[in-house]
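In case you want the letters, here they are:
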Amino acid sequence: MQLGIDTFVATPFDPALRTPETDVQRVDGLLQEAELADRIGLDVFAVGEHHRREFVSSAPTILLAAIAAKTNNITLASAVTVLSSDDPIRVFQQFATIDLISHGRAEIIVGRGSFIESYPLFGYDLSQYDLLFKEKLDLLLMVRDETEVHWRGSHRAELTGQGVYPRPIQNPLPIRLGVGGSPESFVRAGKLGLPLTLAIIGGEAVRFRRSVDSYREAWIQAGHDPANIDVAVHTIGFLDDTDQKAADNFYPSYSDTFTRIGKERGWPPTTREQYDATISPRGALMVGSPESVAAKIRHFDKALGGISRLSILLDGGLVPHEHRLHAIELLGTKVKPMLEESVTG
C-alpha cells in the first residue's frame, strides 16, 4: 500500500496573523515537508486547490513544480484539481510540464471540490456544477489520449484538430477521480476505468463500502480489467509519539478549522467530545501514535475491501511547522515499515 501526504497549504485564518511574510514562511515550510517526505520514502505528496483566505494553494501546479525540482522519487499529485472551474487544456499542459520537470512523477486527481469559491471567481454558473465536470473530464481524457484534438462541447470553444503540447513522459498521464459521498461519482469512475480516490473526513469507513463496491461493479460491467481496480483513500490526520500528544496537539487546529467551516454551513461548533469520537479506533481521522495510525489504516483497508493508497491531510493552520515535520517523519519511518511487515508477514 502506498502512503502519502496531502496539503491545502493552510495558514492562520486570523488576519492579524496572516501576512505576506507568513505566506512566505508557509511556502518555505511546504518545500521542506515535501523534501522530507521524499527523503524518507513516502510515496505521494499532493497539493490541493482552494481559493480562500486561509490557504496559499490557489495555484497548486506552481507549488508542485517547485517541489518537483527539489525531490527525486515521490509522486506529485493534485488533491484535488477543481476541474469544473478550470480549463482541461491548461490542466493537462500544466501537469505535463510537471511530469517533465519531475522526470515522470506527475498525477492529476480531478474532482468537483468541497468549496464553491472557484465558480464565481472564474465566472462559472454553480447550477451547472455536474454538467461542467462531466464535459470537462471528457475533454481532459481525450487530450490525454490524443495530441491533435477534435472536440465540441457547451462550455468552451470547439477544437478542430489543434495540437496540445507539451506531451508528458508518462503515457498515459495518470488521472484519478476524487469523490466524496455522491453515488453517481463512484459509478462514473468505474465506467471510465479511472482509479478512485475517496475522501473520508467523517463517519466510519465501512459506511462507504457499498459505494466502493458499486465502483468495482461498474468497472467490471464496463469491460475493464478487474486486476486494475484501484481504490485510494484521503483522510485528515496527525501523528505524534503517543496517542495523547497527537490528540492534544492537533485538536486546536482541527477545532478552529471545522468550527469556522461549520459556521458557514450551519453546523454546530466542534467539541472535544465529538473530536475524540472521530479519532477513536473506528473514527474517520488518522490521529494518534504510529502504532494506532497503522492499525487504523489496516482497518480502513479491511472495511473497504482493499485499498491501494492512503494519504493523510497534514495541513498547516495552527499546527507548528516542526510538528508537521515530526508527523511526516513518523509516517515514513514508523508507519510505513509496520504496514510493509504486515503485508509480507
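Each remark here, short or long, concerns the structure printed above.
Residues numbered from 1 in each chain as written. Predicted model: local features only at pLDDT ≥ 70, side-chain atom pairs only at ≥ 80, totals over all residues. Heavy atoms only, no water.

Chemist: Break down the packing of aromatic side chains for me, citing the residues and quoting the values.
Modeler: For any pair of aromatic rings, the description rests on two quantities: the centre-to-centre distance and the angle between the ring planes. All chains considered together, the criterion is met by seven aromatic pairs. Taking the centre distance of 5.9 Å and the plane angle of 80 degrees together, the rings of F8 and F55 count as edge-to-face. With a gap of 47 residues between them, F8 in the loop between β1 (2–7) and α1 (20–39) and F55 in the loop between β2 (44–47) and α2 (60–68) connect regions that are remote in the sequence. Overall, F8 belongs to the buried group, its relative accessible area being 13%. Residue classification places F55 among the buried positions, given a relative accessible area of 11%. Aromatic rings pair up to connect F238, F250, Y251, Y254, F258 and Y275 into one cluster. (Phe/Tyr/Trp six-rings, centres within 6.5 Å; stacked < 30°, edge-to-face > 60°. Helix = DSSP H or I, 4+ residues; strand = E, 2+ residues; numbered from the N terminus. Buried < 20%, exposed > 50% of the residue type's maximum accessible area, 1.4 Å probe, protein only.)

Chemist: How would you sum up the pairing of strand β10 (residues 231–239)? Please name residues and give values.
Modeler: Within β10, nine of the nine residues are buried, which leaves it mostly tucked inside the rest of the structure. Going residue by residue along β10, you find V231, V233, T235, G237 and L239 tucked away on one face and A232, H234, I236 and F238 tucked away on the opposite face as well. In the sheet, β10 pairs with strand β12 (residues 309–313) via five bridges, with the strands oriented parallel. In the sheet register, A232 faces β12, and the bridge partner there is R309. Note that β10 and strand β11 (residues 286–288) share three bridges and pair parallel. Note on β11: the bridge partner recorded for L239 is G288. (Pairing = 2+ DSSP bridges.)

Chemist: Give a description of the nonpolar core that names residues and reports values.
Modeler: Core analysis: the largest hydrophobic core is formed by 92 residues, its most contacted members being F45, V110, I200, Y275, L310 and V335. Take this core: its biggest share by element is seven residues, from helix α11 (residues 321–344). Setting aside anything within four residues of it in sequence, one finds I200 in contact with A205, F208, V233, H234, T235, I236, A284, F300 and L304. Ranked by size, the runner-up nonpolar core spans five residues in total, among them V44, A46, A77 and I109. (Core = buried A, V, L, I, M, F, W, Y, C linked by side-chain atoms within 4.5 Å. Contact = heavy atoms within 4.5 Å.)

Chemist: An account of the side chain of R260 is requested, with residue identities and associated values reported.
Modeler: When you line up the elements, R260 lands in helix α8 (residues 243–265). Note on R260: relative accessible area 15%, which makes it buried. A distance of 3.0 Å separates the side chain of R260 from the side chain of E54, its partner in a polar contact. (Polar contact = N/O pair within 3.5 Å; in protein donor to acceptor, adjacent residues only side chain to side chain.)

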